[in-house]
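Secondary and tertiary structure notes
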Amino acid sequence: MSDDPTALRRFERGAKEKQSTHTIRDTRLFLRFCILCMGVMFGACLTAYAVGAHTGLPTAMLQQGFMICSPPCLMDVTPGLTQWQIVQTRFTGQAQNTVEYAGQLLRSRSQPSAIILTLPQESEITFHRSIDAQHLGRIHYWSPNEHTLSLGWIIMLYGQPCAITLYPQAKTVTIRYPFLLVNIDIPPAGLTAQSAPITLDFTDPAFKPDFQPDLCIDNVTAGAVNLEWQGISRLRHVIQSFDISP
């Protein structure tokens, strides 16, 4: 290399520019890699959320149309939000009065303002048209099989109830939510997390009765005993203090 100072400065300046170019290129590659990783992670999160909405529950509940969603829904339809026309299109029987849901063929019966589906385990779901005539209204679920649902899973899915109502004469209890009523026959052993609901009624948001404005209280039925929610174990002892023997 020449001892000329000018040439030496040019060489040093060129080396620095070359090093700066490599640094910028490496930084850009690193940023692209970070953005790619963030995209993959975001996609994984979305996938996990979507899968979790369907796989976080027992198979028996998934087959009945239950899923993790907010606001609460059943079979991907939500009272007060889903258009009634969509419900009709999705669940009205086509070939031999059957519809497909989650790989299952379900029997479908249509009425002027309701659609009834027969599910595995001979359970039934009735979708009612809302009183606003535009949306899905009340959903009535009925199951004769005590192994399909449990009170524990209902609470895991929808959270703590606002109250319960005990009907000593009928030997039943209603677990109350602002949007849902869960009815259970009281077994001889009392109320437990394994107690099986017989019916669930998702309410129609458009229906606001003057005679019972608060769904957390039954102020209509004679003999009804309204109780605050205190947890299953505590309420089990409270219920046993009432005469519910056959």
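Reference entry: report on the structure contained in this document. (Residues numbered from 1 in each chain as written. Predicted model: local features only at pLDDT ≥ 70, side-chain atom pairs only at ≥ 80, totals over all residues. Heavy atoms only, no water.)

Section: the overall build of the protein chain
Operational definition: Here a strand is any run of E in DSSP of at least two residues, a helix any run of H or I of at least four, and the numbering for each starts at the N terminus. Each residue gets one of three labels from its accessible area relative to the maximum for its type: buried under 20%, exposed over 50%, partly exposed in between, using a 1.4 Å probe on protein chains only. In this analysis, two residues are considered to be in contact whenever any of their non-hydrogen atoms come within 4.5 Å of each other. Accessible surface is estimated by sampling points in the Shrake-Rupley manner with a 1.4 Å probe; for residues, cover comes only from the protein chains shown.
Along its length, the protein chain carries 5 helices and 10 strands. Each of the 246 residues in the protein chain was classed as buried or not, and the buried ones make up 37%. Long-range contacts, defined here as pairs at least 24 residues apart, represent 48% of the contacts in the protein chain between residues at least 6 apart. Total accessible area on the protein chain is roughly 14800 Å²; 58% of this is exposed by carbon and sulfur atoms.

Here we look at the nonpolar core
Here is the rule we go by: Only buried Ala, Val, Leu, Ile, Met, Phe, Trp, Tyr and Cys residues count toward a nonpolar core, and they belong to the same one when joined by side-chain atoms within 4.5 Å.
Judged by nonpolar contacts, the single largest core of 46 residues is most densely connected at Phe66, Met75, Leu117, Phe127, Val173 and Ile175. It is helix 4 (residues 151-158) that contributes the most residues to this core, 5 residues altogether.

Quick look at the layout of surface pockets
What counts, and what does not: The pocket and cavity definitions rest on a 1 Å grid over protein atoms only: a 1.4 Å probe that fits but cannot leave marks a cavity, an open set with protein on both sides within 12 Å along at least five of seven lines marks a pocket, and residues lining either have an atom within 4 Å of a point. Grid points are joined across faces, edges and corners, and a volume is the space filled by probe spheres set on the points.
In this structure, the largest pocket occupies an estimated 400 Å³ of space. Lining the largest pocket are 18 residues; nearest its centre among them are Thr203, Asp204, Phe207, Pro209 and Leu215. Listed by contribution, the elements that provide at least two residues to the lining of the largest pocket are strand 4 (124-129) and strand 5 (136-142).

Structural notes on the pattern of salt bridges
Inclusion rule: Salt bridges are identified by distance alone: a Lys or Arg side-chain nitrogen within 4 Å of an Asp or Glu carboxyl oxygen.
If you walk through the whole model with that rule in mind, you get 4 salt bridges. A salt bridge links Arg109 to Glu124, with the shortest nitrogen-to-oxygen separation between them at 3.7 Å. On the criterion of sequence distance, the pair formed by Arg109 in strand 2 (residues 104-111) and Glu124 in strand 4 is long-range, its members being 15 residues apart. Classification of Arg109 by relative accessible area gives partly exposed; the value is 41%. Linking Asp201 and Arg138 is a salt bridge whose minimum nitrogen-to-oxygen distance equals 2.9 Å. Of this pair, Asp201 sits in strand 9 (residues 197-202) while Arg138 is found in strand 5, placing the two residues 63 residues apart along the sequence. Of the residues examined, Asp201 reaches a relative accessible area of 13% and is grouped as buried.

Side note on helix 3 (residues 84-91)
Spelled out, the test is: Each C-beta atom gives one direction from the helix axis, and the arc is the one those directions make.
Looking only at helix 3, the buried set comprises Trp84, Val87 and Phe91. All buried residues of helix 3 project into a common sector of 55° when viewed along the axis, lining one side. Projecting away from the buried face of helix 3 at angles above 90 degrees are the exposed residues Gln85 and Thr89. Tucked into the core, helix 3 has its buried residues touching strand 1 (98-101), strand 2, strand 3 (114-118), strand 4 and strand 5.

Observations concerning the sheet that holds strand 1
Filter applied, for reference: Two strands form a pair only when DSSP identifies at least two bridges running between them. Each axis is a line fitted through C-alpha atoms, taken for helices only over the stretch in contact, and angles between the N-to-C directions span 0 to 180 degrees.
Spatial strand order, 1-2-3-4-5-9-8-7-6-10: 10 strands in an open sheet with antiparallel pairing. Looking along the sheet, the strands with just one partner apiece sit at the ends: strand 1 and strand 10 (225-228). Taking the axes of each pair of neighbouring strands and ignoring which way they run, one obtains an average angle of 20° across the sheet. Across 5 bridges, strand 6 (residues 163-167) lies against strand 7 (residues 172-176) in antiparallel orientation. Counterpart to Leu166 in the pairing with strand 7 is Val173. Docked against the sheet, helix 4 engages strand 7, strand 8 (180-185) and strand 9, running at close to 25° with respect to strand 9.

Remarks on the packing of aromatic side chains
How we decide: Ring pairs shown here join Phe, Tyr and Trp side chains whose ring centres sit within 6.5 Å, with only the six-membered ring taken for Trp; geometry is labelled stacked below 30 degrees between planes, edge-to-face above 60, and tilted in between.
Summed over all chains, the structure comprises 6 aromatic pairs. Pairing Phe66 with Tyr141 gives two aromatic rings, centres 5.3 Å apart and planes at 75°, and the pair type is edge-to-face. Separated by 75 residues along the polypeptide, Phe66 in the loop between helix 2 (59-63) and helix 3 and Tyr141 in strand 5 bring together distant segments of the chain. The burial state of Phe66 is the same as that of Tyr141; both residues are buried. Between the aromatic rings of Tyr177 and Phe179, the centroid separation amounts to 5.4 Å while the plane-to-plane angle is 35°, which identifies the pairing as tilted. Assessed through its relative accessible area of 26%, Phe179 is described here as partly exposed. Following the ring pairs from residue to residue traces out a cluster consisting of Tyr158, Tyr177, Phe179 and Phe202.

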